[in-house]
Amino acid sequence: RWLPVLRRRCDIAGKRLSGTGLAAEGRVLRAVLYVYHSRLLRHRSYLALQQVEQCLKRLWKMNLVGCIETLAELIPKKNTSQAHAECLVPSQPMLETVAMKVLGGCKLILRLLDCCCKAFLLSVKHLCSEEFILLNTVASGLLSRLWFVIQYRCVLETLMSLYGVLSTSLHLVSETQQMPYMKGFTFPSDISDFLGVNISSEVKKQKARMLTTKKPSSWLKKLFSTTPEAASEVGKTRNFAVNNCSISCPADSGEPAL
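Residues numbered from 1 in each chain as written. Predicted model: local features only at pLDDT ≥ 70, side-chain atom pairs only at ≥ 80, totals over all residues. Heavy atoms only, no water.

- The chain is annotated in an unreviewed UniProt entry as NEPRO protein from Chunga burmeisteri.

What follows is the structure in structure tokens.
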């Protein structure tokens, strides 16, 4: 009975982890860090972005998606109709390896959400003080999208649901044939106890902090104002910034470029 459920949960987790959203945001984040590496090496917003990028890099390097897909391939696709029919199932070492990676992946994603929230608040704080406007504007939008992608696609909840089925499967397989692989470690029956936090309340807390952050509305309205006086003043500021930095590009006029 649990084999089709396990295969279905593996498919869902693999699709949500390998979606285009996380990969795209990761590429944009690496590009932003590359551009600002020499200018803002010790800036707080830059260091916070580095922590987010480090969590994403560790998540991809642990090959969680590949491990889950390998487990799904080992599960027989045809359901046996007989009550006492025998069939091949994944071994205990394989289930323990995937369960361990799922536990680590949940910890990493929880850390990633926390780093995104802290870096977003820091970027908005620097925006309010009118520091590094371009970097912090890009960073705040990027971090909010990354946080939203993880929450909207329910990546963490999917992995927690997968671990629940893995824990049941591991218990049944170990009763049939004892082949312990992870020695000296007891797999928790409830992943919430292992993570140590209530996921729903933690996410609501982060969302409330991000939504109630003081927004730099006053100078942003001035920057994007349509009045001729404000536009001419902003244009002078932009031209001064371009000439001062010796950047060989036209001033940003706010119009779409072909």
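Read on, since the account is not over.
### Describing the packing of helix H5 (residues 92-128) against helix H7 (residues 155-176)
Reasoning step 1: Here H5 crosses H7 at 155 degrees, and the two axes come no closer than 9 Å. When the axes of H5 and H7 are compared, the pair comes out roughly antiparallel. Crossing angle aside, the handedness with which H5 passes H7 is left-handed. Contact with H5, carried on its side by Gln92, Leu95, Glu96, Val98, Ala99, Val102, Leu103, Gly105, Cys106, Ile109, Leu110 and Leu113, involves Val155, Leu156, Leu159, Met160, Leu162, Tyr163, Leu166, Ser169, Leu170, Val173 and Ser174 of H7 and no other residues of that element.
Reasoning step 2: Counted by class, the contact of H5 with H7 contains 18 nonpolar, four polar and one charged residues. (Axes fitted to C-alpha atoms, helices over the stretch in contact; angles between N-to-C directions. Helix = DSSP H or I, 4+ residues; strand = E, 2+ residues; numbered from the N terminus. Parallel < 35°, antiparallel > 145°, perpendicular 65-115°, else oblique. Left-handed = near helix turned anticlockwise from the far one by under 90°. Contact = heavy atoms within 4.5 Å. Nonpolar A, V, L, I, M, F, W, Y, C, P; charged D, E, K, R; others polar.)

### Quick word on the packing of aromatic side chains
Reasoning step 1: Throughout the structure, instances matching the rule amount to one aromatic pair.
Reasoning step 2: For the pair Phe185 and Phe187, a centre-to-centre distance of 5.1 Å together with 85 degrees between the ring planes defines the contact as edge-to-face.
Reasoning step 3: Here Lys107 stacks its cationic end above the ring of Phe194, 5.4 Å away from the centre of that ring. (Phe/Tyr/Trp six-rings, centres within 6.5 Å; stacked < 30°, edge-to-face > 60°. Lys NZ or Arg CZ within 6 Å of the ring centre and 35° of its normal.)

### Here we look at helix H6 (residues 133-152)
Reasoning step 1: Between its first and last C-alpha atoms H6 spans 28 Å; for 20 residues at 1.5 Å apiece the expected length is 28 Å, and the two agree.
Reasoning step 2: Of the residues making up H6, those classed as buried are Leu135, Asn136, Ala139, Ser140, Leu142, Leu143, Leu146, Trp147, Val149, Ile150 and Gln151.
Reasoning step 3: In the stretch just after H6, Cys154 is the one whose phi turns positive, near 55 degrees. (Expected span 1.5 Å × (residues − 1). Buried < 20%, exposed > 50% of the residue type's maximum accessible area, 1.4 Å probe, protein only.)

### A look at unusual backbone geometry
Reasoning step 1: The backbone of Asn63 sits at a positive phi, close to 55 degrees, despite the residue not being glycine.
Reasoning step 2: Counting through the fold element by element, Asn63 comes out in the loop between helix H3 (44-61) and helix H4 (64-74).

### Some details on the pattern of salt bridges
Reasoning step 1: Taken as a whole and judged by the stated rule, the model has four salt bridges.
Reasoning step 2: Across the pair Asp114 and Arg111 runs a salt bridge whose closest N-O atoms are separated by 3.8 Å. Of this pair, Asp114 and Arg111 both sit in helix H5, three residues apart, which is roughly one turn of the helix.
Reasoning step 3: For Arg111, a relative accessible area of 39% corresponds to the partly exposed category.
Reasoning step 4: With relative accessibility at 17%, the residue Asp114 sits in the buried group. (Salt bridge = Lys/Arg side-chain N within 4 Å of Asp/Glu carboxyl O.)

### Focus on the environment of Cys106
Reasoning step 1: Looking at where Cys106 falls in the secondary structure, it is placed in helix H5.
Reasoning step 2: Each C-alpha atom of the pair Cys106 and Leu159 lies 6.7 Å from the other, and the pair is 53 residues apart in sequence.
Reasoning step 3: Residue contacts for Cys106: discarding those within four places in its chain leaves Leu156, Leu159, Met160, Ile191 and Leu195.

### Describing the state of the cysteines
Reasoning step 1: The full count for this structure, using the stated rule, is zero disulfides.
Reasoning step 2: For the unlinked cysteine Cys115, the closest cysteine sulfur is that of Cys55, found at 4.2 Å.
Reasoning step 3: Summary of cysteine pairing: Cys116 is not part of a disulfide, and the nearest cysteine sulfur, belonging to Cys115, is at 7.3 Å. (Disulfide = S-S within 2.5 Å.)

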